[in-house]
Amino acid sequence: MQFIHAADLHVDSPLRGLDDYEGAPVARLRGATRQALIALVDLALERRVDLVLLAGDLFDGDWIDFRTGLFFRAQMLRLCRAGIRVFAVRGNHDAASQITRQLPALEGMHEFSSERSETVDLPGLGVAIHGRSFPQRAVTEDLVPQYPQPLAGRFNIGLLHTSLTGREGHDSYAPTTVETLLAKGYDYFALGHVHAREVVRETAPRIVFPGNLQGRHARETGPKGCELVRVEDGVLVSAEFVALDVVRWHQLELDAAGLDGVDALARRFADAARALAAEAPERLHALRVHLRGQSPLHALEARQPGTLAAAIQAACQELDGLDLWIEEVRLALGSPLDRATAAVRADALGDVVRLVDAIAADDATLAAWFGERLAELGVLPQPLADADPRKLEPALMRALLADAEATVLARLAQLAASGGEA
Ligand SMILES: [Mn+2]
């Protein structure tokens with residue numbers, strides 16, 4: 001008996017803000033959640049699995065129109081026609097209360113009740129599946145104690161959308177603990193909700209978050225896909241991760257140390273990008289580039305803002321045979337000035353360094369200063385939406401501040417060198 005376990009498909013996730021990016025492959029990015037679902041169904045058919053288990057957040061939220069639901073149903077129909085049964089629970093994003101449109105049920109696909117947990121017994125396969133859907137978005141209680149007892153003589157699977165004991169970047173929903181899961185006496189927990197893949201427990205029972213099927217933005221990096229599990233005579237004999245993503249997101253860290261100009265930067269970027277895309281050359285790779293370190297590059301950027309991002313875009317043009325898109329280039333370049341020496345100067349250079357030190361004195365002062373500056377800007381455009389001071393990490397604010405300082409100092413130094421008034 002073989003089954004696929006996937007979760008967090010977020011089909012037709014809107015990927016807001018893409019239109020603000022120049023040259024973004026918008027259609028391919030927006031279509032990626034659909035293509036990944038097609039790949040999942042292809043895999044199920046190829047491997048002739050018996051079951052497909054979907055652990056919630058099949059959809060991102062209420063469908064804009066019926067097309068999302070019809071597309072999803074057509075894919076499930078491909079499985080059902082091949083005799084593959086589908087079992088699903090709803091999570092916080094597609095809770096019963098969230099989806100207002102409905103389509104005729106599909107014979108062969110079972111969606112677990114949102115009112116109570118229930119068991120589907122499949123004696124022919126020697127499997128029992130236990131599950132419950134979220135009735136509304138915010139499920140605050142532990143659902144596991146109400147899950148049914150395991151059935152004797154079956155491989156018992158618990159299908160559950162949960163944040164478990166809490167995971168960074170994920171709201172706490174249907175919280176529970178590994179101990180509570182163990183006490184249940186099941187053989188496998190097919191979890192959903194956490195978008196980063198995590199094998200919480202290897203075996204007896206195996207507890208897995210497969211991660212989402214397709215990364216949706218630069219914070220959902222690396223391979224995304226599903227679990228393919230084989231059970232023989234009631235015993236799990238193999239479990240493997242299969243990547244199904246069509247767009248792969250990366251955060252590429254580039255050290256600018258030792259780079260003296262745009263040519264050197266382009267070469268360093270090209271080498272790093274080639275290495276990164278080599279793992280899966282057939283996919284579209286979306287990169288957020290972080291350029292860090294102390295380098296004369298910061299002076300180039302200060303003189304002509306946009307130079308470094310353009311150098312990276314230019315390098316990208318020459319990478320034939322690789323499917324790459326630069327989502328964003330973030331700069332955190334250090335000032336080559338000796339800050340300690342600059343801080344005691346009586347001129348404008350000293351003023352800048354002392355001001356930055358005062359702002360960055362502690363996290364609270366830093367957050368308050370960023371809050372005031374951002375408030376002055378009013379509503380932020382979408383690419384800057386995560387610059388909301390309530391969401392910013394102190395480390396990121398310090399990096400932004402250091403970058404701004406480097407820019408100002410470089411301009412001041414330039415003015416001084418050309419004999420202008422600083
Ligand atoms: Mn999700």
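On a predicted model such as this, the values are computed, not experimentally measured, just so you know.

The rules behind these values
Residues numbered from 1 in each chain as written. Predicted model: local features only at pLDDT ≥ 70, side-chain atom pairs only at ≥ 80, totals over all residues. Heavy atoms only, no water. Domains from an automatic or database assignment. Contact = heavy atoms within 4.5 Å. Buried area = accessible area lost by both parts, 1.4 Å probe. Salt bridge = Lys/Arg side-chain N within 4 Å of Asp/Glu carboxyl O. Helix = DSSP H or I, 4+ residues; strand = E, 2+ residues; numbered from the N terminus. Buried < 20%, exposed > 50% of the residue type's maximum accessible area, 1.4 Å probe, protein only. Polar contact = N/O pair within 3.5 Å; in protein donor to acceptor, adjacent residues only side chain to side chain. Donors = N, O, S within 2.8 Å, 3.2 Å for Na, K, Ca; no water. Phe/Tyr/Trp six-rings, centres within 6.5 Å; stacked < 30°, edge-to-face > 60°. Right-handed = clockwise from strand over helix to strand, strands pointing away. Pairing = 2+ DSSP bridges. Core = buried A, V, L, I, M, F, W, Y, C linked by side-chain atoms within 4.5 Å.

1. Concerning the domain arrangement of the protein
Next, step 1: If you check the domain split of the protein, you get domain 1 (2-243) and domain 2 (247-417).
Next, step 2: If you average the C-alpha positions of domain 1 and of domain 2, the two centres end up 38 Å apart.
Next, step 3: Listed by partner, the interface residues are 23 residues for domain 1 and 15 residues for domain 2.
Next, step 4: Among the residues of domain 1 in contact with domain 2, Tyr-21, Arg-28 and Ala-218 are the three that bury the most area, contributing 34% of the side total.
Next, step 5: For the pair domain 1 and domain 2, the number of links is one salt bridge.

2. Topic: the environment of His-250
Next, step 1: Note that His-250 resides in strand S13 (residues 247-255).
Next, step 2: Under the relative-accessibility criterion, His-250 is labelled buried at 8%.
Next, step 3: In sequence terms His-250 and Glu-220 are 30 residues apart; their C-alpha atoms lie 8.0 Å from each other.
Next, step 4: Not counting chain neighbours up to four residues away, the residues in contact with His-250 comprise Thr-221, Leu-276, Glu-279, His-285, Ala-286, Leu-287 and Arg-288.
Next, step 5: For His-250, the side chain forms a polar contact with the side chain of His-285, separated by 2.8 Å.

3. Concerning the coordination of the manganese ion
Next, step 1: Ligation of the manganese ion by protein atoms is provided by Asp-8 (OD), His-10 (NE2), Asp-57 (OD) and His-195 (NE2), these donors lying 2.1 to 2.4 Å from the ion.
Next, step 2: All donors of the manganese ion come from a single chain, and their spacing in sequence reads D-x1-H-x46-D-x137-H. A residue pair is termed long-range when its members are at least 10 positions apart, and Asp-57 in the loop between strand S2 (51-55) and helix H2 (66-81) and His-195 in the loop between strand S8 (188-192) and strand S9 (198-201) qualify at 138 residues.
Next, step 3: Given the relative accessible area of 1%, Asp-57 is considered buried.
Next, step 4: On the accessibility criterion, His-195 (7% relative accessible area) is buried.

4. Things to note about the packing of aromatic side chains
Next, step 1: This structure, assessed with the given rule, holds 10 aromatic pairs.
Next, step 2: Ring centres of Phe-59 and Trp-63 lie 5.3 Å apart, and the angle between their planes is 65 degrees; on these two criteria the pair is classed as edge-to-face.
Next, step 3: A residue is classified by how much of its surface remains accessible, and Phe-59, at 8% relative accessible area, is buried.
Next, step 4: The rings of Phe-59, Trp-63, Phe-66 and Phe-72 are connected pair by pair, giving a single aromatic cluster.

5. Here's the deal with the pairing of strand S3 (residues 85-89)
Next, step 1: Burial runs high along S3: four of the five residues are buried.
Next, step 2: As a crossover connection, the stretch from S2 through H2 into S3 is right-handed.
Next, step 3: In terms of strand pairing, S3 meets strand S4 (residues 109-111) through three bridges, oriented parallel. From the neighbouring strand, Ala-88 faces S4, where its bridge partner is Glu-111.

6. Quick notes on the pairing of S13
Next, step 1: For S13 and strand S14 (residues 284-294), the ladder comprises nine bridges, and the chain directions are parallel. Bridge pairing in S14 places Glu-253 opposite His-290.
Next, step 2: A crossover links S13 with its parallel partner S14, the connecting element being helix H4 (residues 262-277), and its sense is right-handed.

7. Focus: the nonpolar core
Next, step 1: With 31 residues, the main nonpolar core has Ile-4, Leu-40, Leu-54, Phe-72 and Met-76 as its most contacted residues.
Next, step 2: For this core, the secondary structure elements donating two or more residues are strand S1 (2-6), helix H1 (26-46), S2, H2, S3 and strand S11 (225-232).
Next, step 3: At six residues, H1 tops the list of elements feeding residues into this core.
Next, step 4: In contact with Ile-4, not counting residues within four places along its chain, are Leu-40, Leu-43, Ala-44, Val-49, Leu-51, Val-52, Leu-53, Cys-226, Glu-227 and Leu-228.

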